[in-house]
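# Per-entry structural report
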Amino acid sequence: MLPTRSIAQDDAVWLPSEGRFPLKTEHPIAPERPPDLILEPENSFELPANGQPIIRSFVVPASQLKTARHLQSLELLPGSDAVVQHAVIRLDLTDDSRELDAKDKTTGFPSRPELPSLRRPEALFTVWTPRASVSEAPLGTGWRVHPDADFVVTLHLKPNGSPQEIRPMIACWFASQPIHHVLALRMANETIEISGAAEEYSVRDSFVIPVPTKLHGIYPVANQLAQSVRLDLFKPDSQGERAFEIREWKANAQEDYKFKEPIELPAGTRLEMKYVYSNSSGQNTVPKAVKWGPNLTDEVGELYLQLVVDHEAKAIRLAHSINRHQLALAIERAEQRFDPDSGAHAELAYLYADLGNHETAVAHGQKAVVEAEKTEDKALQANAHGALGAAYLTNDFQFSAEEHLKKATALDPNNPNHWFNLGNVYLNYKVSAHAIECYNKALELDSEDARILNNVGTAHLTLYEPAAVKESISHLRTARKHLEAVVDRYPRHSLATANLARALDLLGEKSEAIRLYKRAMMLAPGMAPTLNPLLAQLESTQ
């Protein structure tokens, strides 16, 4: 166990007058019993004695788990406090990280911050600094970890003059089934561009809470140029209040802050984040300009907020708002760094399609195709046609979507996203056999994607015909297999839950079908008009 460290008063951490933050947080679980499980990589990594700082990721398999468990607390032992400046733990449900590790000649692989399969936990702040001890989820919550998953530990390493053996270990404490629901809100501003010699530069972000929520903790992230950070709350019909502030930012201020008592946030509460930076050295030399980025020489400005709600339906609404917020941040970043080439237009086409701004998505997709056709780069052309096809698909222009997605799959047959979207076109056409062909090709390239698994299950479900018993039973069993895989890993996936209920209903498993119909409507009340008649008919036969 690493020693428990307190928040020292001389760190200039501003505490609200109510004294919300304790100077030392006692962990309610870890001191009482040893870890339930300790996980580590198969091999160590040798950090050279000298050289530039590096960022390296290590795969830590969770395969010792026999079934999915809820992680209540964890502690990272990074391998060497002397050279590890910072660490982040994420989860990978795919083989992406393992494949990158296998390709590298030594243990681990160079950090890939853009790797889409890496997921941050909802219940825990899994960022480590030399002052950190045990990371704890709010009581009654937990981070669900599947035995097929891999923890991915990313370390910021700085050689100190002597070789070091790096082998990060994760100590785990598990909890029973959560009774509350915790989500992580990332507030950020990725448009940071601090000019040389800038004495004061600030960025902001805001978010409106859609349902009654409790704020349990905060984790600030910034680099060397940060001067201060604060979070203000503006509750409906009340004056603003400052929930958190660090007036003099230091590197060791980047850690997990827990409130003594959670802050109640009524629906409609606006959260406002502000970071202030300085790039003035006070010397005659002019410092270099600094932008947002993943490297130690770049700058960042993030606040991770630990939010807890008492009902799953509220968690769904909050998660939807958080997802839209992240899309808006991504669009803001893409537009601020916009370079009028095909790749930039394609990125914005995908982002605007996900956000539901269909006309803007199509406009960017069309420009992406025009720019890509000026080149002989097939990958670029495939990306452009795929983006335009996706934009047309969300705009319900199926014929145009099919045309461009066919071109995308022909130009780049190894992209699962193009096959997935083409399958969606055929599913919308009600040509389920063609849809299944496309989804199966997508699954060959990415067997873990919940979207593909749900839709291929749905396509098999649509092929059910009571008159063709043998063939129909085969389709229903295949649908069940794929849909259960989604629901097992993503219990809040309302559409997969509803589709699985229908498959079990047709397979004659009435009791479980009734339970899943009710759960689907709880997760997505908008499904009630469609599912209630099916539920009523099923209950009448019980």
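Residues numbered from 1 in each chain as written. Predicted model: local features only at pLDDT ≥ 70, side-chain atom pairs only at ≥ 80, totals over all residues. Heavy atoms only, no water.

Turning our eyes to something else, we now look at the overall build of the protein. Within the protein one finds 13 helices and 24 strands. Scored against the burial criterion, the 542 residues of the protein give a buried share of 50%. Within the protein, counting contacts between residues at least 6 apart in sequence, those at least 24 apart form 74% of the total. With an accessible surface of roughly 25,200 Å², the protein has 49% of that area assigned to carbon and sulfur atoms. (Helix = DSSP H or I, 4+ residues; strand = E, 2+ residues; numbered from the N terminus. Buried < 20%, exposed > 50% of the residue type's maximum accessible area, 1.4 Å probe, protein only. Contact = heavy atoms within 4.5 Å. Areas by Shrake-Rupley, 256 points an atom, 1.4 Å probe, with all protein chains shown as cover.)

A few words on the pattern of salt bridges. All chains considered together, the criterion is met by 26 salt bridges. Across the salt bridge formed by Arg186 and Glu190, the nearest N and O atoms sit 2.4 Å from each other. Given the relative accessible area of 8%, Glu190 is considered buried. Close ionic contact of Arg230 with Asp232 constitutes a salt bridge, the shortest N to O distance being 3.4 Å. Look at Arg230 and you get partly exposed, because its relative accessible area is 22%. By relative accessible area, Asp232 is classed as buried at 10%. Linked by salt bridges that have partners in common, Arg186, Glu190, Glu302, Arg333 and Glu347 make up one network. (Salt bridge = Lys/Arg side-chain N within 4 Å of Asp/Glu carboxyl O.)

It is worth spelling out the environment of Asn189 at this point. Among the structural elements, Asn189 can be located in the loop between strand 15 (181–188) and strand 16 (193–194). On the basis of relative accessibility, which here comes to 8%, the residue Asn189 falls in the buried class. Between the C-alpha atom of Asn189 and that of Val203, which follows or precedes it by 14 residues, the distance is 6.3 Å. Setting aside residues up to four positions removed in sequence, Asn189 forms contacts with Val203, Arg204, Met273, Trp292 and Gly301. One polar contact links Asn189 to Thr191, side chain to side chain, over a distance of 2.5 Å. A distance of 2.9 Å separates a polar side-chain atom of Asn189 from the backbone oxygen of Arg204. (Polar contact = N/O pair within 3.5 Å; in protein donor to acceptor, adjacent residues only side chain to side chain.)

What follows deals with the environment of Ser135. Mapped onto the elements, Ser135 comes out in strand 10 (residues 135–136). For the pair formed by Ser135 and Glu75, sequence separation is 60 residues and the distance between their alpha carbons is 6.1 Å.

Two elements in contact, helix 7 (residues 416–428) and helix 9 (residues 450–462), have axes separated by 11 Å at closest approach and are oriented at 30°. Put simply, helix 7 runs roughly parallel to helix 9. With respect to the hand of their crossing, helix 7 and helix 9 are arranged in left-handed fashion. On helix 9, the residues that touch Asn417, Phe420, Asn424 and Leu427 of helix 7 are Arg451, Ile452, Asn455, Thr458 and Ala459. Of the residues belonging to the contact of helix 7 with helix 9, the class tally is four nonpolar, four polar and one charged. (Axes fitted to C-alpha atoms, helices over the stretch in contact; angles between N-to-C directions. Parallel < 35°, antiparallel > 145°, perpendicular 65-115°, else oblique. Left-handed = near helix turned anticlockwise from the far one by under 90°. Nonpolar A, V, L, I, M, F, W, Y, C, P; charged D, E, K, R; others polar.)

Another aspect to go through is the sheet that holds strand 18 (residues 213–222). By definition, the strands of a sheet pair up through backbone hydrogen bonds, in either a parallel or an antiparallel sense. Across the sheet, which stays open at both edges, the four strands sit in the order 15-24-18-21 with antiparallel pairing between neighbours. For this open sheet the edge positions go to strand 15 and strand 21 (257–265), each flanked by a neighbour on one side alone. Strand-to-strand twist of the sheet, defined as the mean angle between neighbouring strand axes without regard to direction, takes the value 30°. (Pairing = 2+ DSSP bridges.)

Attention now goes to a nonpolar patch on the surface. Nonpolar side chains collect at one region of the surface, where Phe399, Tyr429 and Val431 lie side by side and expose about 290 Å² of accessible area between them. Here Val431 lies in the loop between helix 7 and helix 8 (432–445). Given the relative accessible area of 31%, Val431 is considered partly exposed. (Patch = residues over 30% accessible without salt bridge, like charges linked within 9 Å, V, L, I, M, F, W, Y side chains within 5 Å.)

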